[in-house]
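What follows is the residue order along each chain.
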Amino acid sequence: MFESRSQITGQQRERRLPALALSWLLLVAAALAALSCTAAGDGNATVSAATQTAPAATLAPSVTPVPPAPSPTVLAPSPGAAPTRAATATRLPSPTTSPTRPAASPEVSPTVVSPVYACPPTIVPGETPVYRYRVLATYPHDETAFTQGLVYTDGIFYEGTGLYGRSSLRRVEPETGEVLQIYRLPAQYFGEGIALHGRRILQLTWQPVAGQDTAGFVYDRDSFELLDTFFYPTEGWGLTHDGTRFIMSDGTATLHFWDLETLEEIGQVLVHDEIGPVPCLNELEYVQGQVYANVWQTDYVAVIDPATGSVTAWIDLAGLLESAGPAPSADVLNGIAHDVEGERLFVTGKLWPWLFEIELIEPSARIHLPLIGG
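Owing to the predicted nature of the structure, the values given are computational and were not obtained by experimental measurement.

Asker: Hey, could you run me through the overall build of the chain in this one?
Answerer: What the chain contains, in helices and strands, is 3 helices and 21 strands. Burial status across the chain gives 40% buried among its 374 residues. In the chain, the proportion of contacts linking residues at least 24 apart, taken out of those at least 6 apart, comes to 51%. Accessible surface, the chain: about 20,400 Å² in total, of which carbon and sulfur atoms supply 59%.

Asker: What is the right way to read unusual backbone geometry from this model?
Answerer: Excluding glycine, residues mostly have negative phi values, and the peptide bonds linking residues are mostly trans. Omega for the peptide link from Cys119 to Pro120 comes to 0 degrees, which places this bond in the cis form. Along the chain, Pro120 falls in the loop between α3 (85–90) and β1 (130–140). Notably, Gln288 is not glycine yet its phi reads approximately 50 degrees, a positive angle. By secondary structure assignment, the location of Gln288 is in the loop between β14 (281–287) and β15 (290–295). Even without being glycine, Glu343 reaches a positive phi, approximately 50 degrees. Within the secondary structure layout, Glu343 lies in the loop between β18 (333–339) and β19 (344–349).

Asker: How do you make sense of the nonpolar core when you look at a structure like this?
Answerer: A general tendency of soluble globular proteins is for nonpolar side chains to be buried together. In this structure, Tyr292, Ile315, Leu317, Leu320 and Ile358 are the most contacted members of the largest nonpolar core, which totals 21 residues. Examining the composition of this core, we find that 4 residues originate from one element, strand β20 (residues 354–361), more than from any other. Not counting residues within four places of it along the chain, the set of residues in contact with Ile358 comprises Tyr133, Arg134, Val135, Leu136, Leu317, Leu320, Leu345 and Val347. In this structure, Leu284, Val295, Ala302 and Trp314 belong to the second largest nonpolar core, which totals 18 residues.

Asker: What am I meant to see in the pairing of strand β8 (residues 214–220) here?
Answerer: Where a strand is regular, its side chains alternate between the two sheet faces. Of all 7 residues in β8, 6 are buried; the element is thus mostly enclosed. Alignment of strand β7 (residues 200–205) against β8, held across 5 bridges, turns out to be antiparallel. Residue pairing for β8: Gln203 is matched across the bridge by Phe217. Here β8 hands over to strand β9 (residues 226–232) after 5 residues, with Phe224 in that stretch at a positive phi of 65 degrees.

Basis of the calculations
Residues numbered from 1 in each chain as written. Predicted model: local features only at pLDDT ≥ 70, side-chain atom pairs only at ≥ 80, totals over all residues. Heavy atoms only, no water. Helix = DSSP H or I, 4+ residues; strand = E, 2+ residues; numbered from the N terminus. Buried < 20%, exposed > 50% of the residue type's maximum accessible area, 1.4 Å probe, protein only. Contact = heavy atoms within 4.5 Å. Areas by Shrake-Rupley, 256 points an atom, 1.4 Å probe, with all protein chains shown as cover. Core = buried A, V, L, I, M, F, W, Y, C linked by side-chain atoms within 4.5 Å. Pairing = 2+ DSSP bridges.

Structure (structure tokens):
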């Protein structure tokens, strides 16, 4: 029994030895496989990291990478492309303009050049009242006088005339048009508007001469003696005063205010109607709190509130010259004078043979004597 069991055990051992050997071989193979898997796992981790940092290049290498967004300094995108936020934010809107004149701007930056307006402007009164006129009297006027300024006081006209070589300051008898006194400007000056304040008469000239600013002259009212010369940086067109300051036009839509004594500029206002700025303001006259201004190359006189620059009314003088007869050499309407004591209004023009006393007719056709606001 013992022998038989011993034989069986030996036989079993003989059968188990190959199995154990096979097991050891399997264990060694597994260990080697584990080592191989560990090395392969490190490689896969590296690939995975590369995939996370550059997915487009790794996952779709045939697709061209998207270029970076345009720089914010680019104002206009490529044609057909949608505008970027930067382009939309930095592009300025197109300026809003009226059908006839640029819209008024409440304030202009010192670095921005003001628009240059063409004369004559197109005037569309709209809701602004338009006054007509009735001729009360017609007086002779020197048809060689290129009228640039006109003042009435103490029964006499003072007139400033223009053109190179023909500019002058005159004292004129109203009833006959006779020139009672004259001062002729040097030929290099083109005379412009005049204003009388106290015992002085001021006269503007048009443009700079000899590289200086534009010159103006101060005369003694009685003798026409030249008392002083002053200078200003703009062109000179029209001149008047309201008793506290001189008011001057330069052919644009701006009225300048000057100190009565020093003649230094102390303010300005932009003249505008309901459409926009009203340029080409020429000869001026102060009438009962308003500034009357010829608008160059038109038949209109603008009635202006000097505090705001707003055109409160228009005076349409179309047909005035023709009402007195043919005047083939006449130029444009220019020249307004107000008789304060007699409450009369006079108008004439450059090279006109007549000077007219008029009354104004309100838009409702009621006759208002003799002036607006009286």
